[in-house]
Amino acid sequence: MSPIKKIAILTSGGDAPGMNAAIRAAVRGAIFNKLEVMGSIRGYQGLIDNNLVPMDSQSVSNIIQQGGTILKSARSKQFLTPEGRQIAYDNLQKNKIDALVVIGGDGTFTGARVFSGEHNIPIVGIPGTIDNDLYGTDYTIGYDTALNTVVEAVDKIRDTASAHSRLFFIEVMGRDAGFLALSSAIASGAETVLVPEINTGYKKLDDFLRNSFKKQKSSSIVLVAEGDKLSGGAIKIAERVNKEHPDYDARVTILGHIQRGGSPSGMDRVMASRMGVSAINALLDDQKSVMIGMVNGEIVYVPFNQALKNKKPLPPKQLELIDILSI
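Report on the accompanying structure. (Residues numbered from 1 in each chain as written. Predicted model: local features only at pLDDT ≥ 70, side-chain atom pairs only at ≥ 80, totals over all residues. Heavy atoms only, no water.)

### Some thoughts on the overall build of the protein
Then, in step 1: A count of helical and extended segments in the protein gives 11 helices and 11 strands.
Then, in step 2: Taken against the 2.2 N^0.38 rule, which gives 20 Å for 327 residues, the C-alpha radius of gyration of the protein at 22 Å falls within 12% of a compact globule.
Then, in step 3: Dimensions of the protein along its principal axes, counting C-alpha atoms only, are 70 × 35 × 35 Å.
Then, in step 4: In the protein, which comprises 327 residues, the proportion classed as buried is 54%.
Then, in step 5: Within the protein, residue pairs in contact and separated by at least 24 positions form 76% of the contacts whose partners lie at least 6 positions apart.
Then, in step 6: Accessible surface computed for the protein: about 14500 Å², of which carbon and sulfur atoms make up 50%.
Then, in step 7: Seen as two clouds, the 36 positive and the 34 negative side-chain charges of the protein have centres 1 Å apart. (Helix = DSSP H or I, 4+ residues; strand = E, 2+ residues; numbered from the N terminus. Rg over C-alpha atoms; globule rule 2.2 N^0.38 Å. Buried < 20%, exposed > 50% of the residue type's maximum accessible area, 1.4 Å probe, protein only. Contact = heavy atoms within 4.5 Å. Areas by Shrake-Rupley, 256 points an atom, 1.4 Å probe, with all protein chains shown as cover. Lys, Arg positive; Asp, Glu negative; His and termini not counted. Charge placed at Lys NZ, Arg CZ, Asp CG, Glu CD.)

Spelled out as structure tokens, the structure:
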């Protein structure tokens, strides 16, 4: 493979706190290794539109503390087609770009895997998603910040729940994965959690509500992942509970996109910085079609195929913990 002299960086899919820290680290890691860097504005669509801008050390100054992504993000339907990917590749060739660093989740890496296979271009991925659902890494960029955001919100909701002896169903992000809901439930002292990975049936929730009410708790908090199969969302489950358990005053809070925003936590900044520099090192080490992961505090390279085809399981010990701590 010819030596890499110039790279492009992009962010794609849903934004996550810490993406800017990863961009900063990748840009400065590249410059440290005497590589030229360009940024693709609006992800893969930026490659198709040839919306590529030169980046230097100053370009990423004072962004480590910012949420969102300075490179913007978009879901490109055109990139899903062979014709769109050909246009993207032609623009990389025109700009003499030898390799890509892509920051995002499973959709981002799926596109990267296909693109790399079609055009033999080295691509390294950095996992950026608040869902923490990518196989091969203990944590993804943005997860810790989103967890702290949810916990802070739940703490405030519990104050009013206690004041009025109410039951709150709090819906958090997680269409296909319950990691955020599960960890938030443990960290906030929630009574139970509903996640898409486990279809527990209504009976378990019904039994919990009957026992909880008998214990005369001053408040009850239930975390609901938006993709939960049982409830179909916090609003529907609250309606059913109000109908079948009139002793409860069930309310709903949907946290929504507040979970994506905000200044990244210290953990996310450190992890993003390590992953960003490691992505450049991976390219210089002739790696391609790999995701940068972190396992037991150490950087690992995970092939896109493994990261995408394997489903990351919820930690069973944490599920047990919810039941133990809710008595």
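Moving on, there is more to tell.
### Here we look at helix H9 (residues 266-284)
Given 3.6 residues per helical turn, the α-helix brings residues three or four places apart onto the same face.
Then, in step 1: In this model H9 runs 28 Å from its N-terminal to its C-terminal C-alpha over 19 residues, within 8% of the 27 Å that 1.5 Å per residue would give.
Then, in step 2: Those residues of H9 not exposed but buried are Asp268, Met271, Ala272, Met275, Gly276, Ser278, Ala279, Ile280, Ala282 and Leu283.
Then, in step 3: Positive phi shows up at Asp286, right after H9, with a value of about 65°. (Expected span 1.5 Å × (residues − 1).)

### As for the pattern of salt bridges
Then, in step 1: Under the definition given, this model contains six salt bridges.
Then, in step 2: Between Arg158 and Glu191 there is a salt bridge; the shortest N-O distance is 3.9 Å. Of this pair, Arg158 sits in helix H5 (residues 143-164) while Glu191 sits in the loop between helix H6 (179-188) and strand S7 (192-194), placing them 33 residues apart in sequence.
Then, in step 3: Accessibility expressed as a relative area gives 19% for Arg158, which makes it buried. (Salt bridge = Lys/Arg side-chain N within 4 Å of Asp/Glu carboxyl O.)

### Structural notes on helix H1 (residues 19-32)
Then, in step 1: Counted at 1.5 Å a residue, the expected span for H1 with its 14 residues is 20 Å, and the 20 Å between its end C-alpha atoms agrees.
Then, in step 2: For H1, the buried fraction is high: 10 of the 14 residues fall into the buried class.
Then, in step 3: Those residues of H1 that sit buried are Met19, Asn20, Ala21, Ala22, Ile23, Ala25, Ala26, Val27, Gly29 and Ala30.

### Section: unusual backbone geometry
Then, in step 1: Non-glycine residue Arg42 carries a positive phi angle of around 70°.
Then, in step 2: For Arg42, the position within the fold is in the loop between strand S2 (36-40) and helix H2 (43-48).
Then, in step 3: Using a relative accessible area of 39% as the deciding quantity, one classes Arg42 as partly exposed.
Then, in step 4: For Ser289, which is not a glycine, the phi torsion comes out positive at approximately 55°.
Then, in step 5: Position of Ser289 relative to the elements: it lies in the loop between H9 and strand S10 (290-295).

### Notes on the pairing of strand S8 (residues 220-225)
Then, in step 1: Among the six residues that make up S8, six are buried, leaving the element largely enclosed by the rest of the structure.
Then, in step 2: Residues of S8 alternate between two faces, with Ser220, Val222 and Val224 on one and Ile221, Leu223 and Ala225 on the opposite face, all of them buried.
Then, in step 3: In the sheet, strand S6 (residues 167-172) pairs with S8 via six bridges, with the strands oriented parallel. Counterpart to Leu167 in the pairing with S8 is Ser220. (Pairing = 2+ DSSP bridges.)

### Some details on the sheet that holds strand S9 (residues 250-254)
Two strands in a sheet stick together by hydrogen bonds in their backbones, pointing the same way (parallel) or opposite ways (antiparallel).
Then, in step 1: Strand order in the open sheet formed by four strands is S7-S8-S6-S9, and the pairing between neighbours is parallel. Two strands in the sheet have a free side with no partner beyond their single neighbour: S7 and S9. Looking at each pair of strands side by side, their axes are set apart by 20° on average, direction ignored.
Then, in step 2: Contacts from H6 reach S6, S7 and S8 within the one sheet, and its direction differs from that of S8 by about 165°.
Then, in step 3: Helix H8 (residues 234-244) rests against S6, S8 and S9 of the sheet, and its axis sits at about 175° to S9. (Axes fitted to C-alpha atoms, helices over the stretch in contact; angles between N-to-C directions.)

### Topic: a nonpolar patch on the surface
Then, in step 1: On the surface, Ile235, Val252 and Ile254 cluster together into a nonpolar patch covering about 230 Å² of accessible area.
Then, in step 2: Among the structural elements, Ile254 can be located in strand S9. (Patch = residues over 30% accessible without salt bridge, like charges linked within 9 Å, V, L, I, M, F, W, Y side chains within 5 Å.)

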